[in-house]
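Summary of structural features
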Amino acid sequence: MLLDYETLRVIWWLLLGVLLVGFAIMDGFDLGVGILLPFVSKSDQERRVVINTVGPVWEGNQVWFVLGGGAVFAAWPFVYAVSFSGFYFAMFIVLLALILRPVAFKYRSKIDDPRWKQTCDWALFISGFVPSLIFGVAIGNVLQGVPFHFDENLRSFYTGNFFGLLNPFALLCGLVSVSMLMLQGSTYLAVKTEANVQRLSIYAARISSVIFIILFAIAGLWVMHKLSGYLIAKPMLHNGFSNPLHKTVIREIGAWIHNYSQYAWTITAPVTGFLGALVALLFVKRCSKVAFVASSLSIVGVIATVGASMFP
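Residues numbered from 1 in each chain as written. Predicted model: local features only at pLDDT ≥ 70, side-chain atom pairs only at ≥ 80, totals over all residues. Heavy atoms only, no water.

Thoughts on the pattern of salt bridges
Spelled out, the test is: Any carboxyl oxygen of Asp or Glu within 4 Å of a side-chain nitrogen of Lys or Arg constitutes a salt bridge here. The numbering of helices and of strands both runs from the N terminus, where a helix is a DSSP run of H or I of at least 4 residues and a strand a run of E of at least 2. Only protein chains enter the area calculation, which uses a 1.4 Å probe; residues under 20% of their type maximum are buried, those over 50% are exposed, and those in between are partly exposed.
Tallying each qualifying case throughout the model produces 7 salt bridges. Arg 108 is the partner of Asp 44 in a salt bridge, and the nearest nitrogen-oxygen pair spans 2.8 Å. With Asp 44 in helix α2 (residues 44-54) and Arg 108 in the loop between α6 (88-107) and α7 (114-144), this pair connects stretches of sequence that are 64 residues apart. Overall, the relative accessible area of 38% leaves Asp 44 in the partly exposed class. Overall, Arg 108 belongs to the buried group, its relative accessible area being 1%.

Quick word on the packing of aromatic side chains
Stated precisely, the cut-off is as follows: Side-chain rings of Phe, Tyr and Trp, where Trp is taken by its six-membered ring, are said to pair if the distance between their centres is within 6.5 Å; with planes under 30 degrees apart they count as stacked, over 60 as edge-to-face, and otherwise as tilted.
Counted under the stated rule, the structure contains 16 aromatic pairs. A centroid spacing of 5.0 Å and a plane angle of 25° characterise the contact between Trp 58 and Phe 105, whose relative ring orientation is stacked. Of this pair, Trp 58 sits in helix α3 (residues 58-61) while Phe 105 sits in helix α6, and the two are 47 residues apart along the sequence. Residue classification places Trp 58 among the buried residues on the basis of a relative accessible area of 3%. With relative accessibility at 14%, the residue Phe 105 sits in the buried group.

Focus on the environment of Ala 90
What counts is decided by this rule: Contacts are assigned to residue pairs that have any heavy atoms within 4.5 Å of one another.
Take Ala 90: it is sitting in helix α6. Through-space distance from the C-alpha of Ala 90 to that of Val 130 is 10.0 Å; in sequence the pair is 40 residues apart. Setting aside its immediate chain neighbours within four residues, Ala 90 contacts Ile 134, Phe 162 and Leu 165.

Quick notes on the packing of helix α4 (residues 63-75) against helix α5 (residues 77-86)
Here is the rule: The angle between two axes is taken between their N-to-C directions and runs from 0 to 180 degrees, where each axis is a line fitted to C-alpha atoms and a helix contributes only its stretch in contact. If an angle is under 35 degrees, it is roughly parallel; if it is over 145, roughly antiparallel; if it lies from 65 to 115, roughly perpendicular; otherwise it is oblique.
Between α4 and α5, whose axes approach to 5 Å, the crossing angle comes to 125°. On the basis of their axis angle, the class for α4 and α5 is oblique. On α5, the residues touching Gly 69, Val 72, Phe 73, Ala 74 and Ala 75 of α4 are Pro 77, Val 79, Tyr 80 and Phe 84.

Some words on the nonpolar core
Our working rule: Working definition of a nonpolar core: buried Ala, Val, Leu, Ile, Met, Phe, Trp, Tyr and Cys residues. They are joined through side-chain atoms within 4.5 Å.
Ranked by internal contacts, the top residues of the largest apolar core, which has 35 residues, are Ala 90, Leu 165, Val 176, Met 180, Phe 212, Val 284 and Ile 299. Of all hydrophobic cores here, the second largest spans 20 residues; its members include Val 54, Cys 120, Tyr 188 and Val 197.

A look at unusual backbone geometry
Phi at Ala 195 is positive, roughly 60°, even though this residue is not glycine. Along the chain, the position of Ala 195 falls in helix α10 (residues 195-225).

Concerning the side chain of Ser 186
Under the convention used in this document: Under the rule applied, a polar contact is a pair of N or O atoms within 3.5 Å (in protein, one hydrogen donor and one hydrogen acceptor; residues adjacent in sequence only if both atoms are side-chain atoms).
Here Ser 186 is to be found in helix α9 (residues 168-192). Here Ser 186 falls in the buried class, since its relative accessible area comes to 0%. Among the polar contacts made by the side chain of Ser 186, one reaches the main-chain carbonyl oxygen of Leu 183 at a distance of 3.0 Å. Discounting residues that sit within four places of it in the chain, Ser 186 has contacts with Leu 36, Ser 201, Ala 204 and Ala 205.

Okay, structure coming up:
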């Protein structure tokens, strides 16, 4: 074997991080534009302008989502089995919301009726808001842990329910996700549009960045002082086959920040998340391209924060 298991696990962890970052940056501005569509455009012509900014790219950007799911299946089949079966109803809602997007994009102009176009516009809002929220809720539940068990054949069975996923911390993470992608979408619109749409997009970027900074800080304090995380209690076999029953973990408050005290350089992840949003707030009017790059870096910081916290 060219690479040992330990090296392969690190490579796959980094690859999954890259795919999640790619999805959040590229498809993130599509979702953010959908959320902002009813609010940054007043006339039908302005809404057509907003839709045209993502029209040529939204289909290609969804490939990141498919690749991310494939990476989880290839590297951690147990995680894939638990998440895609346990979160089945949540995934169904996400897919249902995403199905609205091509319908609204393709058929909005087929009927010259203001009510039909308004319906399509709100469908695009739903297709942006719902996935953004549920993706964040999913991350929040991953950090908390969800109830499941293995049988004698190591088949996983989720024992919770959909409404159990909608707990306070998970909803907070969902709002962090929504505000983060709204910032990404608004800075993108500030680059791609002009006149009234650009003005309203700049205003939306400022609001989104402030909300994101506040919510991200609250989530960080919650993780440090209230949330129970997991630590591996005894040495595990890094270079062997993956078997969840070969690991012993303990649960304690603040366990997810253990890596930050052990590896000081990891603090750059949350710092990047905060600084990116702050730079976007300060530069969105003066140089919208800088703001978009800063917003993208903020996304990198947020995802790297979760990845650094959970890396075993």
